[in-house]
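So the chains spell out like this:
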Amino acid sequence: MSKRENQILQLLKRDPFIQQQEIADILRISRSCVAGHIMNLSKKGYIKGKGYILSNDIYTVTVGAANIDLTSYTSAKLIYEDSNPGKIISTPGGVGRNIAQNIALLKNESYLISVIGNDSNGKILFDHTKSIGVNVNYFHKLDGEKTSICNSVIDENGKCVVTVNDMSILEKLTPTLLAQAKSLIQHANVLIIDCNLTEETLKWLFNNAGNVPIFVDTVSRSKASKIRNFLSYIHTLKPNRTEAEILSGIKIETQKDAADAAHWFHQHGVQRLILSMDAEGVYYSEMDNTSGCSSAISTNIVNTNGAGDAMMAGLVHCWLEGMELKESIRFAQQCSALTLYSENIEIFPKNRMYF
């Protein structure tokens, strides 16, 4: 679905009896252009029959990692090669699972495609993810496999200083397994992919997603390079500065550098780049020359883990709502900020008011 089609669909959802000319006036395009987009929406199955009877199947599909997060917090300055006092907590995690969970918490229909072992950790992940409201029909339990675990150390400033992951089970999320969900994927409103997947699996997804907009989380600098040959398939790419440098070969130190990198990504087919610039905020750019920098939101950082996942969920939510990019970025940053001052990776931690 194109950006314009998505905007029209959101207007029809709010008022199924809206006239084509009214849509044209709101979007500042011609009525004939509106008619053409509505025809395309009908062909794609988003509108059923006359009178703008809308399909109720508005949903997202996320494909990526699901794991148990073990997080160690130091209670004083971290001392290397020594025993450090602190606390260790265990929570449901995984980039793909976190994104799917937060999309559901934002009141969107959210499917997760991932793999877990048929063990105690797998049961915890499955039950928690289902209880949040994520559709787990394609959350596969594999006999004889160990549910992945990610172990992180957080220093006194809330920064993750090292992570060790045991995620070999993701190699079992193969094209053969994904083929069971091919129809689900091809009829989604958004497909979200994280780069924890194998290159073979990523290739299958890019080649079989059809016309569905693909949002990609690069995950880490060591995994970002997996998508180098698939940039033209990506609608929205959300790397940090280092990941963008690895993909583009452009050193990013200033906003001018970020603009140059964005131009490079657009030349290679990426429609939207959402570039995390750490304390400087977020640089964003769309292929139609909409670009800018949104300043960072000041917050007390407890744990940076999961902040990027919450931001991706916010971006997806805003896309489904037909929001403009600038507005979407600020909303997504707010989602991210909510996780930064919490040990919980959810956008809506228990007993916390939202925004």
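An unreviewed UniProt entry lists the protein under the name Bifunctional protein HldE, with Xenorhabdus ehlersii as the source organism.

Undergrad: Explain the sheet that holds strand 8 (residues 149-154) here, please?
TA: Strand pairing within a sheet occurs via backbone hydrogen bonds; the two strands may be parallel or antiparallel. As summarised here, the arrangement of the four strands in space is 5-4-8-9, forming an open sheet in which the pairing is mixed. Strands with a single pairing partner mark the edges of an open sheet, and in this sheet they are strand 5 (86-93) and strand 9 (160-166). Across this sheet, the average inter-strand angle for adjacent strands is 15 degrees, counted without regard to direction. The sheet contact formed by strand 8 and strand 9 spans six bridges and is antiparallel.

Undergrad: Explain the packing of aromatic side chains here, please?
TA: Note on aromatic pairs: each is described by the distance of the centres and the angle between the planes. Summed over the entire model, instances satisfying the criterion amount to seven aromatic pairs. Considering the side-chain rings of Phe206 and Tyr233, the 5.7 Å spacing of their centres and the 40 degrees angle between planes classify their relative orientation as tilted. Placement of Phe206 in helix 8 (residues 199-208) and of Tyr233 in the loop between helix 9 (221-224) and strand 12 (236-238) is noted, with a sequence separation of 27 residues between them. By relative accessible area, Phe206 is classed as buried at 3%.

Undergrad: Would you take a moment to explain the environment of Leu191 for this structure?
TA: Structurally, the position occupied by Leu191 is in strand 10 (residues 190-194). Considering only alpha carbons, one finds Leu191 and Glu324, 133 residues apart in sequence, at a separation of 19 Å. Non-local contacts of Leu191, meaning those with residues more than four positions away in its chain, are made with Val61, Val63, Ile185, Leu205, Ala209, Val212, Pro213, Ile214 and Phe215.

Undergrad: Would you mind showing me how to read the pattern of salt bridges here?
TA: If the charged atoms of two oppositely charged side chains come close together, the side chains can form a pair. Tallied over the entire structure, the rule returns 11 salt bridges. Its salt-bridge partner being Asp217, residue Lys238 comes within 3.4 Å of it at the nearest N-O pair. In this pair, Lys238 is assigned in strand 12 and Asp217 in strand 11 (residues 214-217), connecting sequence segments 21 residues apart. Considered together, Lys238 and Asp217 belong to a single accessibility category, that of buried residues. In this structure, the salt-bridge partner of Arg241 is Glu280, at a minimum N-O distance of 3.2 Å. Of the two residues, Arg241 sits in helix 10 (residues 241-248) while Glu280 sits in the loop between strand 13 (272-276) and strand 14 (282-286), which places them 39 residues apart along the sequence. What makes Arg241 buried here is its relative accessible area of 14%. By relative accessible area, which is 41% here, Glu280 ends up partly exposed. Sharing partners across several salt bridges, the network here consists of Lys3, Glu286, Asp288 and Glu324.

Undergrad: Which parts of the structure should I look at to understand helix 8?
TA: Of the residues making up helix 8, those classed as buried are Thr201, Leu202, Trp204, Leu205, Phe206 and Asn208. Check the buried side of helix 8 and you find it contacts strand 3 (59-63), helix 6 (175-178), helix 7 (182-186), strand 10 and strand 11. At the C-terminal side of helix 8, Gly210 shows a positive phi close to 65 degrees.

Undergrad: Which parts of the structure should I look at to understand the pairing of strand 3?
TA: Within a regular strand, side chains alternate between the sheet's two faces. Counting buried positions over the five residues of strand 3 gives five, a clear majority of the element. In this structure, strand 3 lies alongside strand 6 (residues 109-117), joined through five bridges in parallel fashion. Of the residues in strand 6, the one forming a bridge with Val61 is Tyr111. Where strand 3 meets strand 10, four bridges bridge the pair, whose relative direction is parallel. Residue pairing in the sheet places Val63 in a bridge with Ile193 of strand 10.

Undergrad: Whenever I open this one, the packing of helix 10 against helix 11 (residues 255-267) confuses me. Can you help?
TA: Closest axis-to-axis distance for the helix 10/helix 11 pair is 11 Å, and the angle between their directions is 50 degrees. One finds that helix 10 runs oblique with respect to helix 11. Considering how the two elements wind past one another, helix 10 and helix 11 form a crossing that is left-handed. Residue-level contacts link Ala244, Leu247 and Ser248 of helix 10 to Ala261, Trp264 and Phe265 of helix 11. Looking at the contact of helix 10 with helix 11 residue by residue, the classes come out as five nonpolar, one polar and no charged.

Undergrad: Which parts of the structure should I look at to understand the side chain of Gln10?
TA: Checked against the element boundaries, Gln10 lands in helix 1 (residues 3-14). There is a polar contact of 2.3 Å between the side chain of Gln10 and the backbone oxygen of Leu320. When near neighbours in sequence (up to four residues on either side) are disregarded, Gln10 contacts Leu320, Glu321 and Gly322.

Cut-offs applied
Residues numbered from 1 in each chain as written. Predicted model: local features only at pLDDT ≥ 70, side-chain atom pairs only at ≥ 80, totals over all residues. Heavy atoms only, no water. Pairing = 2+ DSSP bridges. Helix = DSSP H or I, 4+ residues; strand = E, 2+ residues; numbered from the N terminus. Axes fitted to C-alpha atoms, helices over the stretch in contact; angles between N-to-C directions. Phe/Tyr/Trp six-rings, centres within 6.5 Å; stacked < 30°, edge-to-face > 60°. Buried < 20%, exposed > 50% of the residue type's maximum accessible area, 1.4 Å probe, protein only. Contact = heavy atoms within 4.5 Å. Salt bridge = Lys/Arg side-chain N within 4 Å of Asp/Glu carboxyl O. Parallel < 35°, antiparallel > 145°, perpendicular 65-115°, else oblique. Left-handed = near helix turned anticlockwise from the far one by under 90°. Nonpolar A, V, L, I, M, F, W, Y, C, P; charged D, E, K, R; others polar. Polar contact = N/O pair within 3.5 Å; in protein donor to acceptor, adjacent residues only side chain to side chain.

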